[in-house]
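# Residue-level structure breakdown
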Amino acid sequence: MKFYVSVDMEGIAGILFKEQIYRNETFYEESRRLLTDEVNAVVEALVQAGATEIVVKDAHASGFNLLYGSLHPAATLAAGALPLANRFAGLDETFAGALLIGYHAMAGTRGAILEHTFSYADILELALNGEPIGEIGIDALLFGRFGVPVLFVSGDDKTCAEAQRQLGTVFTYETKQATGRHSGLLKAPRRVLAEIGESVKEAVGRRSECKPYAIPGPYEMRIEYTSTNLADARELESDGVRRAGGRALALRDDDLLRLLARTFK
Ligand SMILES: [Zn+2]
């Protein structure tokens with residue numbers, strides 16, 4: 001029984017500020033330890049639930065955040081850069097489920113810790129076929145292409161609510177309660193390490209309730225940028241692009257992967 005674990009950093013227990021999540025920032029090294037410990041607790045729970053193979057993808061920023069030497073020995077690391085739309089190395093239809101650890105709510109979510117959608121600087125909102133979508137939804141679509149359901153999502157309370165709204169049946173664990181972009185009530189990381197495994201095991205035990213996520217095509221992605229010049233720059237680049245507002249473009253495509261590749265070009 002194989003599982004794919006994608007790990008972001010914003011939703012990890014104890015994390016609240018940008019100074020904790022970027023290399024060379026003051027608190028980054030401690031955050032790497034928090035991240036690695038939480039991932040290891042998830043991997044250990046998967047082992048106890050009967051996993052035979054566990055792939056861990058370090059999905060935050062550069063993709064080099066985990067303390068590799070401290071990674072649980074049952075995990076295989078999916079390392080190296082791939083284009084965003086195709087970033088889960090080794091993913092195929094043999095996986096029983098995916099887990100999204102340390103995720104965050106989509107850009108514009110009120111009262112959500114470090115909310116954004118892939119880019120803090122450039123993107124105000126993405127909407128796929130008229131519905132706003134964030135990193136949880138897009139990653140669930142990438143797993144869904146291979147028939148792999150997302151079983152479990154962890155992060156702040158807004159992250160968990162977004163996962164349930166977007167994916168239907170999915171198991172969640174709150175590492176913190178957000179009250180603002182940089183404020184909230186944070187569970188002690190040691191408490192999270194003690195609790196998260198039970199939630200993971202429940203998700204694995206009830207995985208048949210979770211369905212692979214899919215949205216039928218054809219597709220239109222509306223991208224609301226933070227600034228008009230970002231829309232200006234791409235308006236004429238190819239067919240299937242429509243100016244959808246002062247700061248917005250709409251991209252059309254029949255193929256989901258190609259659409260995502262164009263979105264994150
Ligand atoms: Zn991140």
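Take the coordination of the zinc ion next. At 2.0 to 2.7 Å from the zinc ion lie its protein donor atoms, namely Asp8 (OD), Glu10 (OE), Glu10 (OE) and His60 (ND1). Every donor counted, the four donor atoms about the zinc ion form angles of 52 to 137° at the centre, which fits irregular coordination. Spacing between the donor residues of the zinc ion along the chain follows D-x1-E-x49-H. For Asp8, a relative accessible area of 4% puts it in the buried group.

Read from one edge to the other, the open sheet built from seven strands follows the order β3-β2-β1-β4-β7-β8-β9, with strand pairing classed as mixed. Looking at which strands have only one partner, the edges of the open sheet turn out to be β3 (75–78) and β9 (183–186). Sheet twist, expressed as the mean angle between neighbouring strand axes with direction ignored, is 25°. Bridge count for strand β1 (residues 2–7) against strand β2 (residues 53–58) is six bridges, and the pairing is parallel. By the bridge assignment, Val5 is partnered in β2 with Val56. Its contacts with the sheet place helix α1 (residues 28–48) against β1, β2, β3, β4 (95–103), β7 (150–156) and β8 (171–180), and it is angled at close to 160° to β2. Contacts from helix α2 (residues 135–144) reach β1, β4 and β7, with the element oriented near 160° to β4.

Further remarks concern the domain arrangement of the protein chain. Assigned domains of the protein chain: these are domain 1 (2–119 + 134–209) and domain 2 (219–263). The straight-line distance from the C-alpha centre of domain 1 to that of domain 2 is 28 Å. Interface of domain 1 and domain 2: buried area, both sides summed, is about 470 Å²; carbon and sulfur atoms make up 89% of it. The largest per-residue losses of area from domain 1 upon contact with domain 2 belong to Ala85, Ile138 and Arg145, which jointly make up 70% of the total buried on that side. Scanning the region where domain 1 abuts domain 2 turns up zero salt bridges. At the surface where domain 1 touches domain 2, the tally comes to zero residue pairs in polar contact (both at pLDDT 80 or more). When the residues that make up the side of domain 1 that touches domain 2 are grouped by side-chain class, the tally is four nonpolar, no polar and one charged.

What the rule picks out here adds up to 18 salt bridges. Across the pair Arg243 and Glu235 runs a salt bridge, and its minimum N-O distance is 2.8 Å. Arg243 sits in the partly exposed class, given a relative accessible area of 25%. A network of salt bridges, in which partner residues are shared, links Lys187, Arg191 and Glu195.

Core analysis: the largest hydrophobic core is formed by 40 residues, its most contacted members being Leu128, Phe143, Val150 and Met221. Every element with two or more residues in this core is listed here: β4, β5 (123–128), α2, β7, α3 (157–167), β10 (219–225), β12 (248–253) and α6 (256–263). The dominant element in this core, judged by the number of residues it contributes, is α2, at six residues. Composition of this core by domain shows at least three residues from each of domain 1 (2–119 + 134–209) and domain 2 (219–263). Setting aside its immediate chain neighbours within four residues, Leu128 contacts Ile133, Leu141, Ile215, Tyr219, Glu220, Met221, Leu256 and Leu259.

Conventions adopted
- Residues numbered from 1 in each chain as written.
- Predicted model: local features only at pLDDT ≥ 70, side-chain atom pairs only at ≥ 80, totals over all residues.
- Heavy atoms only, no water.
- Donors = N, O, S within 2.8 Å, 3.2 Å for Na, K, Ca; no water.
- Tetrahedral: all angles 85-135°; square planar, octahedral: opposite > 155°, others 65-115°.
- Buried < 20%, exposed > 50% of the residue type's maximum accessible area, 1.4 Å probe, protein only.
- Pairing = 2+ DSSP bridges.
- Helix = DSSP H or I, 4+ residues; strand = E, 2+ residues; numbered from the N terminus.
- Axes fitted to C-alpha atoms, helices over the stretch in contact; angles between N-to-C directions.
- Contact = heavy atoms within 4.5 Å.
- Domains from an automatic or database assignment.
- Buried area = accessible area lost by both parts, 1.4 Å probe.
- Salt bridge = Lys/Arg side-chain N within 4 Å of Asp/Glu carboxyl O.
- Polar contact = N/O pair within 3.5 Å; in protein donor to acceptor, adjacent residues only side chain to side chain.
- Nonpolar A, V, L, I, M, F, W, Y, C, P; charged D, E, K, R; others polar.
- Core = buried A, V, L, I, M, F, W, Y, C linked by side-chain atoms within 4.5 Å.

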